[in-house]
Every structure is written in structure tokens, then in C-alpha cells.
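Residue strings, one per chain:
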Amino acid sequence: MFENFSFEYPWLLALIFLFIFCDIYCKAQNPSYYFVHLKIFKTSSSNKNTLIYIIKYLVIVFSLIALASPMKILDRQLLKKDGINIILNLDTSGSMRERGFNKANINQNRWNVVNNVVQDFIEQRINDNIGLVVFGSSVLTASPLSFDKNSQKEIIKYIDIGIVGEQTAMFDSLASSINILKNKKAKSNIIILLTDGVDTASRIPLQIVNKLAIKYNIKIYTIGIGESNRQILNFISQQTDAKSFVANSKEDLIEVYDTINKLEKSDIDDNVLLLKEYLFFYPLFMGIIFLIFYIYLKNKD
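Here the structure is a predicted model, which means the values were calculated and not measured. (Residues numbered from 1 in each chain as written. Predicted model: local features only at pLDDT ≥ 70, side-chain atom pairs only at ≥ 80, totals over all residues. Heavy atoms only, no water.)

*Asks:* Help me understand a nonpolar patch on the surface in this model?
*Replies:* A cluster of nonpolar residues, Y278, F280, F281, Y282, L284, F285, M286, I288, I289 and I292, forms a patch on the protein surface that exposes about 970 Å² of accessible area. Broken down by element, the residue count for the nonpolar patch peaks at eight residues, all from helix α9 (residues 281-299). Note on placement: M286 falls in helix α9. The exposure class assigned to M286 is partly exposed, which follows from its relative accessible area of 31%. (Patch = residues over 30% accessible without salt bridge, like charges linked within 9 Å, V, L, I, M, F, W, Y side chains within 5 Å. Areas by Shrake-Rupley, 256 points an atom, 1.4 Å probe, with all protein chains shown as cover. Salt bridge = Lys/Arg side-chain N within 4 Å of Asp/Glu carboxyl O. Helix = DSSP H or I, 4+ residues; strand = E, 2+ residues; numbered from the N terminus. Buried < 20%, exposed > 50% of the residue type's maximum accessible area, 1.4 Å probe, protein only.)

What follows is the structure, given as C-alpha cells:
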């Protein structure tokens, strides 16, 4: 309940203890006079004086709490700095149904493994603008470039094998990814292509894809799993000054994405925008109410 509650000027709360100290030890020395039978008056006014004393403390305490500016943090937002535009280009063709890629769970198919690993990768790229493109017989832009990592992870969960057909339009998917990035300004524009097969359905030739990537200064990292055409994947990465990787297991795939994560670093975010709700009105209101009550009691006969 109070985990997002704090004070903007907490040091002002220390004045409460200073007030208590002064109230006890810093009283003015007044001359004393002795009157006989004074107990008659003392009994009648003791309750009133005690109440006034308590109210005086409440006025001071609530006023200092208001000055300390209590607030509730509603949300924290990272201020984006020098991030990277990343398109995750993922193969969802029929061959991704093959099992055995995860040795710890041989019943898990390739896409299930990729799905989990890619979600972890997205979560690590805090500063980056990420888009999702999937391909089978045709190409689908599952998510445009976005900083909304939670939405992208949810989208990936609902993507399944064969969503855009059983074949492999790898070159067409790269052309679509390049089209998304071509006019985007960022520290770096990259595509991470993952496939487990050879191109069987593209209409755009590889030469055109490479020329477009070079023209718009887009790096294409390639990850080949299973029976992918590794020679072509190596060629694509070399032409765009990137790297090509091979993954034969889930552990390999995790290591590959970790390597890319290190190769394409974005600046660490150290600026945070806090959305606050200030609550000083409530203790201030209580302080005013008790002050009015204090004045009334002090002036009452």
C-alpha cells in the first residue's frame, strides 16, 4: 500500500523533533507568584489546557508533514536515449514444428523454443525500438517499431506455426523489414533473421535485398537452425557488415541472442520520468482545521 509513497522534502520532518525539544527545554523563565487556594482554579482548567496542548502539537505536526510534500509515485517511465531500431524477423514455416531442439524437453518444437528465447531478448532491450516480422509462404508485420515491450511479448505468444503459410519466403520478409527501417533515424538499424530452412516462396531476389540493405545502411544478423542454407545466411550477413550464427540447440540459441545483445549495445538509461500525485493538501487541510479549533479554545472564556 505504501510502497510508492514518499516525501519530496523528508528532511523537514526532522523539525517535528526540534519543535518537541524546544517546547520542553526552551521555555521562557517567568517570575513565580504564590496564591493561596490556587487548586480551586487548577482543577477546572486542567482538562482544557491538556486538550489545547495536544491540538497545538497536531497543528505543528500536520503543517510540517504538508511542507515535506507527501506524494505518491503513479508511474516510472524511462527517457529514451540513443536506442537501436531492431526488426526481429522470425520463421514460422511448417518446418518449425520439428521437435528435439530443446534437449531438456524433446517434445517442445522449434517455434516454442524460439518464442521463449525471443521474449527474453526483447525484455533486455530496454532502450530499443523493436518490430516483429514473421514469414511462411507470405510475410506478416506482427508489430511495427515500438518501445512497448509487454505488448510485443504478448503478440509473440499468440503467433503460431503456419500463421502465414507452410513455405519459406525469407527474402521477401527481409525486403519488408528493410522497408520498415529504411527511413528511420537511430544509432543503428538492424534485422535479426532466424530461419530453419531455405527460401522456397520469395518473389524478390536476394540480390535486390542485399542492395537495399547496403543502400540504407541496415545490418542483417542471421541465425540458422536445423537444415538452413548456411552459405546464403553467411553471404547476407557479410554483405551488410554483420555476423551469421548457427544454433543447434536451445542453449546455442540463447548464446547467439546474448552475443548479438553485446555486439549491438545501446546507451544505458539513467534518466527516469516520474509521474507523481502530490498529497500535501490532506495534511494541510487537517492542520488548518486543528489551528481553527486551537484559536477557538484559546479565546474561549
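Now that the structure is up, let's keep going.
*Asks:* What is the right way to look at the environment of N89 in this model?
*Replies:* Summarising the element assignment, N89 is placed in strand β3 (residues 85-91). Placed 42 residues apart in sequence, N89 and G131 show a C-alpha to C-alpha distance of 8.6 Å. Excluding its chain neighbours within four sequence positions, the residues that come into contact with N89 are V133, F135, S173, L174, S177, I191, I192, L193 and L194. (Contact = heavy atoms within 4.5 Å.)

*Asks:* Can you help me understand helix α8 (residues 250-263) in this one?
*Replies:* An α-helical turn contains 3.6 residues, so any two residues separated by three or four positions project in the same direction. End to end, α8 covers 20 Å across 14 residues, agreeing with the expected 20 Å (1.5 Å per residue, within 8%). Along α8, the positions that sit buried rather than exposed are L253, V256, Y257, I260 and N261. Summarising the axial view, the buried residues of α8 lie within an arc of 140°, below the 170-degree limit, and thus occupy one face. In α8, the exposed positions that point more than 90 degrees away from the buried face belong to E255 and K262. Each element contacted by the buried residues of α8 is listed here: β3, α3 (110-124), β6 (189-195), β7 (219-225) and β8 (244-247). (Expected span 1.5 Å × (residues − 1). Arc of directions from axis to C-beta.)

*Asks:* Any chance you could explain the sheet that holds β7 here in plain terms?
*Replies:* In a beta sheet, neighbouring strands are held together by backbone hydrogen bonds and run either parallel or antiparallel to one another. Strand order in the open sheet formed by six strands is β5-β4-β3-β6-β7-β8, and the pairing between neighbours is mixed. In this open sheet, the two strands that pair with only one neighbour each are β5 (139-146) and β8. Taking each pair of neighbouring strands and ignoring which way they run, the sheet shows an average axis angle of 15°. Contacts from α3 reach β3, β4 (129-135), β6 and β7, with the element oriented near 170° to β3. (Pairing = 2+ DSSP bridges. Axes fitted to C-alpha atoms, helices over the stretch in contact; angles between N-to-C directions.)

*Asks:* Just checking my understanding: could you explain the packing of aromatic side chains for this structure?
*Replies:* For any two aromatic rings, the description comes down to two numbers: the centre-to-centre distance and the angle of the planes. Scanning the model with the defined rule gives seven aromatic pairs in all. Their ring planes at 70° and their centres at 5.1 Å tell us that F19 and Y57 sit as a pair that is edge-to-face. Taken together, the residues F19 in helix α1 (residues 14-25) and Y57 in helix α2 (residues 39-67) connect sequence positions 38 residues apart. Residue classification places F19 among the partly exposed residues on the basis of a relative accessible area of 21%. Ring centres 5.8 Å apart and planes at 10° place the aromatic pair F62 and F290 in the stacked group. Of this pair, F62 sits in helix α2 while F290 sits in helix α9, and the two are 228 residues apart along the sequence. Judged by relative accessible area, F62 falls into the partly exposed class, the value being 23%. Put simply, the rings of F19, Y53 and Y57 touch in pairs and so form one group of aromatic residues. (Phe/Tyr/Trp six-rings, centres within 6.5 Å; stacked < 30°, edge-to-face > 60°.)

In short, shape yes, function no, at least from these values alone.
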